[in-house]
Amino acid sequence: MIGGGYKISDQYGLYFLTFTICGWVDVFTRKETKQIITESLDYCIKNKGLVLYGYVIMTNHIHLIARAEEKTTGLSDIIRDFKKHTSKEIIKWMNESNKESRKEWMQMVFKFHAKLNSNNSEYQIWQQNSHPKIIVQPRFARQKLNYIHYNPVRAGFVDYPEEYPYSSYRNYYEESRLTFSLPIEILYLNEE
């Protein structure tokens, strides 16, 4: 089943989300593509009511802990708009980039995935589902936040989570040494 059965049942609830590139293509190995994501998330925070509590940008997927502000259209609409905009920007970058040696292969993969989805005419960048998991218990929130922050360590990109610039780890633990950061809300997790 293409959606996997995952749904956002509460449009204003707190969720752990995963956005995955079709074919698990490593799109976010370039500074420019990570910048597309960070600028788009920042826009959604400042203009669409996205409240971000944690994030990590890996090479082919993104994890977030997020919710929508009450006066917005809801989390599903924010995600839809984010994926639509970033898809267009990634396609534009891919087609215009002189740096990307894998351009033709990437185009082939994304065209293949577009054929499987009648909503896309030429390319499909993101897998359709965001695998939302609602967060209602502090223990689950803590587990997911740790999962996000230690993902680059488990992947072998860095030895320590504070060394990876594209995550919210530094927001939580090293605020005075931030070199890059999206505006996030800190999750204050009481012990259960």
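The shown structure was predicted, so the numbers you read here are calculated from the model rather than taken from an experiment. (Residues numbered from 1 in each chain as written. Predicted model: local features only at pLDDT ≥ 70, side-chain atom pairs only at ≥ 80, totals over all residues. Heavy atoms only, no water.)

*Asks:* I'd like a rundown of the pairing of strand 2 (residues 50-57), residues and numbers included.
*Replies:* Counted residue by residue, strand 2 has eight buried out of eight residues, so it is predominantly covered. Looking at chain direction, strand 2 and strand 3 (residues 61-68) are connected through seven bridges and run antiparallel. In the strand pairing of strand 3, Tyr55 is matched with Leu64. (Buried < 20%, exposed > 50% of the residue type's maximum accessible area, 1.4 Å probe, protein only. Helix = DSSP H or I, 4+ residues; strand = E, 2+ residues; numbered from the N terminus. Pairing = 2+ DSSP bridges.)

*Asks:* Outline the packing of helix 2 (residues 75-96) against helix 3 (residues 103-115), supporting the account with residue identities and numerical values.
*Replies:* Contact geometry for helix 2 and helix 3: axes closest at 9 Å, N-to-C directions at 145°. Of the two elements, helix 2 crosses helix 3, and the hand of that crossing is left-handed. On the side of helix 2, the interface is formed by Trp93, Met94 and Asn95, while helix 3 contributes Lys103, Met106, Gln107 and Phe110. For the contact of helix 2 with helix 3, the class distribution of residues is four nonpolar, two polar and one charged. (Axes fitted to C-alpha atoms, helices over the stretch in contact; angles between N-to-C directions. Left-handed = near helix turned anticlockwise from the far one by under 90°. Contact = heavy atoms within 4.5 Å. Nonpolar A, V, L, I, M, F, W, Y, C, P; charged D, E, K, R; others polar.)

*Asks:* Tell me what's going on with empty space enclosed by the protein, and back it up with residues and numbers.
*Replies:* For the structure on display, the rule yields one cavity of 30 Å³ or more. A volume near 50 Å³ is recorded for the largest cavity. Breaking the lining of the largest cavity down by element, the ones donating at least two residues are helix 1 (31-48) and helix 2. Per element, the largest residue contribution to the lining of the largest cavity is four residues, and it comes from helix 2. (1 Å grid on protein atoms, 1.4 Å probe; cavity = no way out; pocket = protein on both sides within 12 Å on 5 of 7 lines; lining within 4 Å. Points joined across faces, edges and corners; volume = space filled by probe spheres on them.)

*Asks:* Break down the nonpolar core for me, citing the residues and quoting the values.
*Replies:* Judged by nonpolar contacts, the single largest core of 54 residues is most densely connected at Leu17, Phe28, Ile65, Phe110 and Trp126. When residues of this core are traced back to their parent elements, those giving at least two are strand 1 (15-20), helix 1, strand 2, strand 3, helix 2, helix 3 and helix 4 (138-154). The element best represented in this core is helix 2, accounting for eight residues. Not counting residues up to four positions away in its chain, the partners in contact with Leu17 are Ile8, Ile62, His63, Leu64, Ala66, Leu75, Ile79, Ser130, His131 and Pro132. (Core = buried A, V, L, I, M, F, W, Y, C linked by side-chain atoms within 4.5 Å.)

*Asks:* Before we move on, could you go through helix 4 and cite the residues and values that matter?
*Replies:* Helix length check: helix 4, at 17 residues, gives a terminal C-alpha distance of 23 Å against a target of 24 Å (1.5 Å per residue), a fit within 8%. Its maximal kink placed at Ile148, helix 4 deviates by approximately 35°, while the proline Pro152 follows within four residues. Every buried residue belonging to helix 4 is among Ala141, Lys144, Leu145, Ile148, His149, Asn151 and Pro152, and all of these are buried. Residues of helix 4 that are buried sit in contact with strand 1, strand 2, strand 3, strand 4 (133-134) and helix 5 (169-173). Following helix 4 by one or two positions, Gly156 adopts a phi angle in the positive range, close to 85°. (Expected span 1.5 Å × (residues − 1). Bend = angle between axes of the 7 residues up to and from the residue.)

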